[in-house]
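Structure at a glance
What follows is each chain in one-letter form.
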Amino acid sequence: MFIDTHCHLTDGYCNGGDNSEIIKRAMDAGVETIICPTADPMDIPGALKLADTYDNIYCTIGIHPEYAPMDASQYLTDEVLQHPRVVGVGEIGLDYHQGAETRREQIQLFEQQLDIAKKHALPVAIHTRDAEEDTAAILTGDIKGVMHCFTSSWNLAKTMLDRGFFFSASGILTFKNAPELRETFEKIPIDRIIIETDAPYCAPVPYRGKVCEPAMVIETAKMLATIKNLPLCELEHILMENVQRLYPKIKL
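Here's a quick rundown of the structure.

What follows deals with the layout of surface pockets. Reported here for the largest pocket is a volume of approximately 680 Å³. Along the wall of the largest pocket there are 30 residues; nearest its centre are His 64, Glu 91, Asp 95, His 127 and Arg 129. Listing elements by their share of the lining of the largest pocket, those giving two or more residues are strand S4 (86-95) and strand S5 (124-129). The leading source of residues in the lining of the largest pocket is S5, at three residues. Looking at side-chain class alone, the lining of the largest pocket contains nine nonpolar, twelve polar and nine charged residues.

So, in structure tokens, the structure goes:
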């Protein structure tokens, strides 16, 4: 069994639609568990509904930095985060790719959500883009989680490894123009790696240019198996164990 640890089933092509065929294709491909994160706070009810509807779907609840300034407490309530199928807080973090004009507001939103995650003893799924220095400065102390869709430097990876974080490989790992990323994942210990699609984005080779679906996470697994020189079946079991250590509320 493979697990897509980050798939936006409430976003884009799925928004307001019927997810049953997408989920069926995932199951047929051997992707039997899916974690649906939120980015837009308006997606939270939809993510919870999916988790209530399908027994193989869990979710993480968070607000992406693009929505700063924002008061997260009105959305990340005790009732939501105590839901039995909410396994973490995410995706949250920092994104300066379009500029750092909202840097202060992003940091405030990020730190607020980290405090909420600590209160509920939940791991976090971190988005960081062009914001390595601030991300590393903020993610200290007893917070644990995963660097989602990790494409940052080995320097950041090493720092976050030392702090107990996991790293999630997406379809970007398969791209021809990503040799440095493959080198980084070669260095990251296998017991700290999970995989994701970040669907509907980042479709892996050979599906580049198409809308990404959770079934496609198998291609990322194949690339990771090659990088780590492991049989795919052995990698499958390692990844399952890693997900359960990262997200203890998941029952596989």
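There's plenty left to go through after this.
What follows covers the pattern of salt bridges. One side chain can pair with another of opposite charge once the charged atoms of both are near each other. Counting across every chain of the model gives seven salt bridges. Of the charged contacts in the structure, one is a salt bridge between Asp 78 and Lys 119, with a shortest N-O distance of 3.0 Å. Here Lys 119 lies in helix H4 (residues 103-119) and Asp 78 lies in helix H3 (residues 78-81), a separation of 41 residues in the sequence. Accessibility expressed as a relative area gives 35% for Asp 78, which makes it partly exposed.

So, on to the sheet that holds strand S6 (residues 145-147). If you trace the eight strands from one edge of the open sheet to the other, you get S1-S2-S3-S4-S5-S6-S7-S8, paired in parallel fashion. With partners counted over all chains shown, the strands left at the sheet margins are strand S1 (2-4) and strand S8 (193-195), one partner each. In this sheet, adjacent strand axes meet at a mean angle of 30° when their direction is disregarded. Judged from the three bridges that link them, S5 and S6 form a sheet pairing that is parallel. Bridge pairing links Val 124 to Gly 145 in S6. Lying over the sheet, H4 contacts S4 and S5, oriented at roughly 160° with respect to S4. Of the strands in this sheet, S1, S6, strand S7 (166-169) and S8 touch helix H9 (residues 232-246), which is tilted by about 100° from S8.

Tracing the chain through its elements places Glu 101 in the loop between S4 and H4. By relative accessible area, which is 66% here, Glu 101 ends up exposed.

Let's shift gears to the side chain of Thr 135. Looking at the element boundaries, Thr 135 is found in helix H5 (residues 132-138). Residues contacting Thr 135, with those up to four places away along its chain left out, are Leu 94, Ile 126, Thr 128 and Met 147.

As a further point, take the packing of aromatic side chains. The final tally for this structure, using the stated rule, is one aromatic pair. Ring geometry for Phe 150 versus Phe 167: centroids 5.1 Å apart, planes at 80°, classification edge-to-face. Within this pair, whereas Phe 150 is found in the loop between S6 and helix H6 (154-162), its partner Phe 167 is found in strand S7, the two being separated by 17 residues in sequence. Under the relative-accessibility criterion, Phe 167 is labelled buried at 0%. Above the ring of Tyr 58, the side-chain terminus of Arg 85 is found at 4.1 Å from the ring centroid. The ring centre of Phe 175 lies 3.6 Å from the NZ or CZ of Arg 208, which sits over that ring.

The next point concerns the side chain of His 64. Counting through the fold element by element, His 64 comes out in the loop between strand S3 (57-60) and H3. For His 64, a relative accessible area of 9% translates into the label buried. A distance of 3.0 Å separates a polar side-chain atom of His 64 from the backbone nitrogen of Glu 66. With residues up to four places along the chain from it excluded, the contact list for His 64 reads Ala 39, Glu 91, Asp 95, Leu 109 and His 127.

Thresholds, definitions, all that
Residues numbered from 1 in each chain as written. Predicted model: local features only at pLDDT ≥ 70, side-chain atom pairs only at ≥ 80, totals over all residues. Heavy atoms only, no water. 1 Å grid on protein atoms, 1.4 Å probe; cavity = no way out; pocket = protein on both sides within 12 Å on 5 of 7 lines; lining within 4 Å. Points joined across faces, edges and corners; volume = space filled by probe spheres on them. Helix = DSSP H or I, 4+ residues; strand = E, 2+ residues; numbered from the N terminus. Nonpolar A, V, L, I, M, F, W, Y, C, P; charged D, E, K, R; others polar. Salt bridge = Lys/Arg side-chain N within 4 Å of Asp/Glu carboxyl O. Buried < 20%, exposed > 50% of the residue type's maximum accessible area, 1.4 Å probe, protein only. Pairing = 2+ DSSP bridges. Axes fitted to C-alpha atoms, helices over the stretch in contact; angles between N-to-C directions. Contact = heavy atoms within 4.5 Å. Phe/Tyr/Trp six-rings, centres within 6.5 Å; stacked < 30°, edge-to-face > 60°. Lys NZ or Arg CZ within 6 Å of the ring centre and 35° of its normal. Polar contact = N/O pair within 3.5 Å; in protein donor to acceptor, adjacent residues only side chain to side chain.

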